[in-house]
Amino acid sequence: MKNLLEIESLTKLFPISGTKDVVSAVNNVSFEIREGETFGLIGESGSGKSSVGRCLLNLINPTKGVLRYKGMDYSNFGKKEESIIRSEMQMVFQDPYYSLNPRKTVWDTVEDTLRVNKTLPEGERKTKVSEALDKVQISRNDYEKYPHQLSAGQQQRVGIARAIAPNPKFIVLDEPTSSLDLSVRAEIIDLLVKLQKEDGITYLFISHDLSTVQYLCHRVAIMYLGKIVEYGTVDQVFRNHNHPYSKALLASVMKADPKIPRSNYRLSGEIPSPINLPKGCFLASRCPEAEDKCREIEPPLIEVEKGQFVHCHHAKAYEKIENKIYG
Amino acid sequence: MNQLLKIEDLHTYFYVRKGVSKIVNGLNLSVRKGELLGVVGESGSGKTVAAMSIVDRVRTPGKVVSGKVIYQGTDLRGLNESELRKFRGKEIGLIAANARGNLNPLIKVGDQIADVYLAHNKGDLREAKQRAIEMLRAVGINGAEQRANAYPHELSGGMAQRVMIALALINSPNLLIADDATNGLDVTVQAQIMDLILDIVEKRKASGIFITHDLGVVAQCCDEIAIMYAGQIVEKGPVTTFFEEPQHPYSQNLLNSLPERRGKEKKILLSGGLPNPLELPSGCLFHPRCPYATEKCRQEEPSLVKVSENYSVKCHLFEGITEEGGIVDEKLA
Amino acid sequence: MKVFGDFWYALRQSKGGLAGFIIIMITLLMAIFAPIIAPYHPEQAVPEASRLAPSFDHLFGTDETGMDIFSRVVYAARIDVTIAVVSTIFSLLIGVPIGLAAGYREGLFGEITMRIADVVQAFPVFILAMALVSILGNNVQNIIFAIAFLNAPIYLRFVRSEVLSIKHRPFVEAARCAGMSNIKIMFKELLPNSLKPALIQSSVNIGWAIMLTAGLSFIGAGVNVPTPEWGSMISIGAPLIITGQWWSSFFPGVAIGITVFGYALFGDFLRLYLDPERS
């Protein structure tokens with residue numbers, strides 16, 4: 001599988017006006033997203049996951065780092081890069097109501113996204129709109145409705161229709177189901193899975209809902225205070241997690257099954273502010289396994305299993321077979 | 001008497017310009033001493049209004065129209081405001097969601113807790129403030145002495161929620177009602193808060209009603225579960241029994257929506273949403289969405305049928321089950 | 001067409017809105033059809049007929065020079081309504097786009113425009129209007145420019161403040177994802193959602209503009225005598241009140257009052273009508 005997107009050392013700092021302080025939203029994040037997969041980005045508040053998604057689409061300007069799409073470096077976002085990214089990458093947002101213009105009908109919301117492409121003839125454009133709305137199962141009766149006349153589930157489906165109308169190759173899904181009720185969540189997730197099967201779209205699924213991520217994603221990265229602490233396949237990270245933060249996060253999840261008890265692994269204290277982060281490991285102040293080394297030196301990236309990476313002093317690298325034979 | 005709280009046929013309506021919005025429609029619920037009950041419902045199911053109705057916090061245009069709220073033998077609905085105050089804040093503690101929105105932004109948090117203490121106990125301000133600081137410590141706030149002088153907006157979400165818990169617990173209530181107490185909090189903070197609530201409830205042998213939309217919280221923390229739909233309880237029983245085999249079609253749909261249960265089968269989900277409280281359907285409030293609805297369901301509202309000693313379901317399909325029990329009906333297998 | 005039908009339906013539901021709309025229509029009709037409605041020429045002085053009380057011949061009586069008050073009130077609508085409506089339109093045309101840009105771009109441009117708006121708004125409107133008109137000259141055009149300039153900051157602020165509150169909403173991000181240029185985003189996404197307070201205010205402001213014109217004319221800084229204008233009519237008629245001829249000032253005063261009230265009622269109606277969540 002090829003890499004659709006490559007992210008190298010992505011950093012985003014937000015200066016706070018009037019002071020010298022800086023909010024480190026994203027700190028030196030590197031990973032790749034393969035074509036056709038759903039890559040999950042997990043984290044709590046302040047983890048920077050939403051900022052990463054927005055940097056990929058240049059809705060926020062990255063402070064540093066290299067972004068590559070199909071091998072093309074688009075970090076500078078010039079005119080040529082912009083036109084490709086804007087037509088092949090889209091986003092679905094968290095709040096279904098605020099992601100729609102309250103003064104536009106369902107049809108207009110989707111059509112206006114396509115109007116930007118001046119080379120698209122009107123007839124074709126209208127066909128694409130009705131195709132997109134069909135795919136998300138919005139009926140014709142609802143085409144002229146305004147957002148406040150739709151249910152939250154329908155609003156979100158319009159948001160998805162808007163994202164798929166230009167036939168993108170990559171969609172960033174920023175917590176698309178967090179604001180929805182349980183039963184509506186399931187509908188939307190089913191829809192997203194169906195769309196991926198039919199059209200081969202690659203997804204970046206940003207969420208803090210671990211059970212949905214586990215269900216939906218192929219590979220996953222866990223973020224804390226702007227850094228990736230662990231990443232690998234869903235199986236590796238969920239069943240064989242290594243990083244103390246991953247352990248704590250997974251231990252916090254309350255499974256809807258009384259037979260599976262929770263583990264007691266907990267972090268102390270609360271998430272510190274992303275302004276002026278300490279040196280060393282960001283988790284050190286809360287980690288039950290922290291040592292002096294952790295507070296002083298930034299932890300290295302260690303491959304604990306093929307394809308599974310952890311940023312921790314305590315992680316043990318796996319022995320590559322090749323090294324053993326020739327080493 | 002083992003029963004701490006018994007709610008009988010509670011109806012709460014909101015009188016608005018468009019008509020009568022019926023939010024709570026004949027709620028029947030009971031909690032035993034020392035029991036933790038989880039009330040699960042989606043948004044709009046009437047959970048919060050029900051909680052408010054118990055402690056008589058419903059204000060115009062809402063009104064508790066009928067029903068009984070029997071706390072340890074006394075019908076709270078028959079009491080006047082001053083008598084009711086003895087219960088609210090003392091016997092019954094309420095933790096609301098959205099902590100910062102429910103705290104007075106102009107008063108220091110320590111003082112707010114002290115005020116609640118003094119409302120129910122004789123004592124001077126100094127003693128009350130001291131108790132407030134102890135309570136803040138008990139809910140896991142470090143540096144409680146300094147934090148007591150903070151204003152709500154100076155605290156993080158997790159801390160503000162802990163203050164809400166302190167407020168609810170300062171007078172050692174026998175019944176703790178937590179309405180979406182961890183809404184909006186980070187997962188790791190949520191775990192800490194739930195640990196705390198469970199610890200305190202266990203230590204004080206109090207009872208708890210946890211109102212939530214999160215089935216996980218109920219599965220992990222509660223003994224009993226009640227499913228709420230359109231202001232009614234449609235299923236109630238022990239948590240273990242429920243998660244093994246939910247009975248009511250709505251409950252089954254809820255569980256089938258969980259990602260971990262979706263699996264490969266992709267069970268069919270129900271469409272539509274909760275009924276419009278201004279225009280409730282006839283008969284069983286769930287019948288328009290129910291795949292098993294019959295003519296009887298359309299015409300007659302089912303009662304909460306006991307399908308075994310400690311398990312009830314509000315559904316016509318379960319009528320005719322005799323006292324011997326037998327939970328599963330072939331149609332729903 | 002559909003929009004018009006919708007508007008008419010909503011208007012009929014609102015008593016206040018309908019009343020305001022009718023008043024506005026009457027003033028517009030008065031202005032347009034003045035020659036047909038008015039029985040006399042508005043500037044024809046008839047000394048023999050001076051200071052006549054209201055009667056069948058002269059519905060509103062006559063003033064000192066014998067001019068028919070009723071005809072003058074009707075013709076004055078042309079001046080007052082024209083000045084008020086045109087100046088408000090110009091105000092919007094100046095204030096709204098600048099407010100849009102100041103809200104969307106922020107930064108240096110935003111700061112400078114806000115400071116200029118602050119300066120303009122710091123002066124008492126009337127004094128500034130007087131100063132402008134005396135520099136530029138007393139005629140209808142200049143009064144329009146003066147009022148337009150003075151009121152523009154109001155709309156600028158309203159629009160800017162709306163833009164600031166919506167520009168971070170996801171639907172604007174979605175528009176950027178689609179590749180919409182900043183100008184397109186400002187005009188297609190932000191503008192329709194930012195106009196409401198400005199439009200409501202403009203309706204009320206039309207009333208104030210009439211009062212401002214009347215005030216200017218009252219002190220002689222507005223329209224010249226003998227051009228009929230409600231304010232100057234009140235001014236001319238003021239000395240006559242002492243001698244018992246109340247009608248010269250009364251009827252133009254009532255005209256101002258009803259007109260301003262009508263626009264205010266309509267503005268109230270607009271507040272409800274422009275709400276996108278109205279079903």
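Residues numbered from 1 in each chain as written. Chains lettered and ligands numbered in written order. Predicted model: local features only at pLDDT ≥ 70, side-chain atom pairs only at ≥ 80, totals over all residues. Heavy atoms only, no water.

1. Notes on the overall build of chain B
Item 1. Of regular secondary structure, chain B possesses 13 helices and 12 strands.
Item 2. Relative to the compact-globule value of 20 Å for 333 residues, chain B shows a C-alpha radius of gyration of 21 Å, a close match.
Item 3. Oriented by its inertia axes, the alpha-carbon framework of chain B measures out at about 65 × 45 × 40 Å.
Item 4. For chain B, long-range pairs separated by at least 24 residues make up 63% of all intrachain contacts whose partners lie at least 6 apart in sequence.
Item 5. Surface exposure of chain B reaches about 15,000 Å², of which carbon and sulfur atoms provide 48%.
Item 6. Charge centroids of chain B, computed over 40 positive and 40 negative side chains, lie 5 Å from each other. (Helix = DSSP H or I, 4+ residues; strand = E, 2+ residues; numbered from the N terminus. Rg over C-alpha atoms; globule rule 2.2 N^0.38 Å. Contact = heavy atoms within 4.5 Å. Areas by Shrake-Rupley, 256 points an atom, 1.4 Å probe, with all protein chains shown as cover. Lys, Arg positive; Asp, Glu negative; His and termini not counted. Charge placed at Lys NZ, Arg CZ, Asp CG, Glu CD.)

2. Here's the deal with the state of the cysteines
Item 1. One pass over the full model with this rule turns up zero disulfides over all chains.
Item 2. Cysteine Cys217(A) remains unbridged, with the sulfur of Cys177(C) as its closest cysteine sulfur at 19 Å.
Item 3. Judged by its relative accessible area of 7%, Cys217(A) falls in the buried class.
Item 4. A disulfide-free cysteine, Cys287(A) has its sulfur positioned 6.6 Å from the sulfur of Cys294(A), the nearest such atom.
Item 5. Taking the relative accessible area as the measure of exposure, Cys287(A) reaches 15% and is therefore buried. (Disulfide = S-S within 2.5 Å. Buried < 20%, exposed > 50% of the residue type's maximum accessible area, 1.4 Å probe, protein only.)

3. Thoughts on the arrangement of the chains
Item 1. Counting contacts across all two pairs of chains that touch, the top-ranked interface belongs to chains A and B.
Item 2. At their nearest point, the C-alpha atoms of chain B and chain C are still 13 Å apart, with no contact between the two.

4. Focus on the packing of helix H5 (residues 107-122) of chain C against helix H7 (residues 140-166) of chain C
All names here are of chain C.
Item 1. At a minimum axis distance of 9 Å, the contact between H5 and H7 shows a crossing angle of 135 degrees. Classified by the angle between their axes, H5 and H7 sit oblique to one another. Note that H5 runs across H7; the crossing there is left-handed. Residues Met114, Ala117, Asp118, Val120 and Gln121 of H5 form the contact with H7, whose own contacting residues are Phe149, Leu150, Pro153, Ile154, Leu156, Arg157 and Arg160.
Item 2. Partitioning the contact of H5 with H7 into residue classes produces eight nonpolar, one polar and three charged. (Axes fitted to C-alpha atoms, helices over the stretch in contact; angles between N-to-C directions. Parallel < 35°, antiparallel > 145°, perpendicular 65-115°, else oblique. Left-handed = near helix turned anticlockwise from the far one by under 90°. Nonpolar A, V, L, I, M, F, W, Y, C, P; charged D, E, K, R; others polar.)

5. Considering the packing of aromatic side chains
Item 1. Summed over the entire model, instances satisfying the criterion amount to 25 aromatic pairs over all chains.
Item 2. A centroid spacing of 5.9 Å and a plane angle of 35 degrees characterise the contact between Phe21(C) and Phe266(C), whose relative ring orientation is tilted. Residue Phe21(C) is found in helix H2 (residues 15-32), and its partner Phe266(C) is found in helix H11 (residues 247-273); the two are separated by 245 residues along the sequence.
Item 3. An aromatic cluster is defined as three or more aromatic residues linked by ring pairs; in this entry it consists of Phe7(C), Trp8(C), Phe21(C), Phe266(C), Phe269(C) and Tyr273(C).
Item 4. One Lys or Arg, Lys12(A), reaches over the ring of Phe14(A) and ends 5.0 Å from the middle of that ring. (Phe/Tyr/Trp six-rings, centres within 6.5 Å; stacked < 30°, edge-to-face > 60°. Lys NZ or Arg CZ within 6 Å of the ring centre and 35° of its normal.)

6. Structural notes on the pairing of strand S2 (residues 19-32) of chain B
Residue and element names in this part refer to chain B.
Item 1. Here strand S1 (residues 3-16) pairs with S2 via 11 bridges, running antiparallel. For Val16, the partnering residue across the bridge sits in S2 and is Gly19.
Item 2. Counted along the chain from S1 to the antiparallel partner S2, the turn is two residues long. (Pairing = 2+ DSSP bridges.)

7. Description of the interface of chain B and chain A
In many analyses, interface size is given as the accessible surface area lost on bringing the parts together.
Item 1. Every contact between the two is made by 37 residues of chain B and, on the other side, 32 residues of chain A.
Item 2. In total, about 2,900 Å² of surface goes out of reach between chain B and chain A, with carbon and sulfur atoms giving 54% of it.
Item 3. When the buried surface of chain B facing chain A is broken down by residue, Val187(B), Thr188(B) and Gln220(B) rank first, second and third, together holding 21% of it.
Item 4. Run the count over chain B and chain A and you get two salt bridges.
Item 5. Ionic pairing is found between Asp195(B) and Arg262(A), a salt bridge with its closest N-O pair at 3.1 Å.
Item 6. Put simply, chain B and chain A have 12 residue pairs in polar contact (both at pLDDT 80 or more) between them.
Item 7. For the side of chain B that touches chain A, the secondary-structure elements that each account for two or more residues are helix H7 (157-169), helix H8 (187-203), helix H9 (215-221), helix H10 (239-244), helix H11 (249-256) and helix H12 (259-262) of chain B.
Item 8. For the side of chain B that touches chain A, the per-class residue count stands at 17 nonpolar, 11 polar and nine charged. (Buried area = accessible area lost by both parts, 1.4 Å probe. Salt bridge = Lys/Arg side-chain N within 4 Å of Asp/Glu carboxyl O. Polar contact = N/O pair within 3.5 Å; in protein donor to acceptor, adjacent residues only side chain to side chain.)

8. Side note on the sheet that holds strand S4 (residues 62-71) of chain B
Residues and elements named next belong to chain B.
Item 1. What the four strands build is an open sheet, ordered S2-S1-S4-S5; its pairing is antiparallel. With partners counted over all chains shown, the strands left at the sheet margins are S2 and strand S5 (74-75), one partner each.
Item 2. Where S4 meets S5, two bridges bridge the pair, whose relative direction is antiparallel. Note on S5: the bridge partner recorded for Ile70 is Asp75.

9. Digging into helix H3 (residues 106-115) of chain A
Item 1. Taken across its 10 residues, H3(A) has eight buried, putting it largely inside the fold.
Item 2. Taken residue by residue, H3(A) has Val106(A), Trp107(A), Thr109(A), Val110(A), Glu111(A), Asp112(A), Thr113(A) and Leu114(A) as its buried positions.
Item 3. Looking at the packing, one finds that the buried side of H3(A) touches helix H4 (122-135) and helix H5 (152-164) of chain A together with helix H9 (182-218) of chain C.

10. A few points about the packing of helix H4 (residues 109-120) of chain B against helix H5 (residues 125-138) of chain B
All names here are of chain B.
Item 1. Running from N to C, H4 and H5 point in directions that differ by 115 degrees, and their axes come no closer than 8 Å. As H4 packs across H5, the resulting crossing turns out to be right-handed. Between H4, through Gly110, Asp111, Ile113, Ala114, Tyr117 and Leu118, and H5, the contact on the second element is made entirely by Leu125, Glu127, Ala128, Lys129, Arg131, Ala132 and Leu136.
Item 2. In the contact of H4 with H5, the residues fall into eight nonpolar, one polar and four charged.

11. Topic: unusual backbone geometry
Item 1. Here the amide bond leading from Thr60(B) into Pro61(B) is cis, since omega sits at 5 degrees, within 30 degrees of zero.
Item 2. Mapped onto the secondary structure, Pro61(B) falls in the loop between helix H1 (47-54) and S4.
Item 3. Phi at Leu225(A) is positive, roughly 50 degrees, even though this residue is not glycine.
Item 4. Looking at where Leu225(A) falls in the secondary structure, it is placed in the loop between strand S9 (219-224) and strand S10 (227-233).
Item 5. Given a relative accessible area of 1%, Leu225(A) falls into the buried group.

12. Observations concerning the interface of chain A and chain C
Item 1. Taken together, the contact pairs 24 residues of chain A with 19 residues of chain C.
Item 2. Roughly 2,000 Å² is buried in total at the junction of chain A and chain C, and carbon and sulfur atoms are behind 53% of that figure.
Item 3. Two residues, Glu173(C) and Arg54(A), come together in a salt bridge whose shortest N-O distance is 2.5 Å.
Item 4. Scanning the region where chain A abuts chain C turns up 11 residue pairs in polar contact (both at pLDDT 80 or more).

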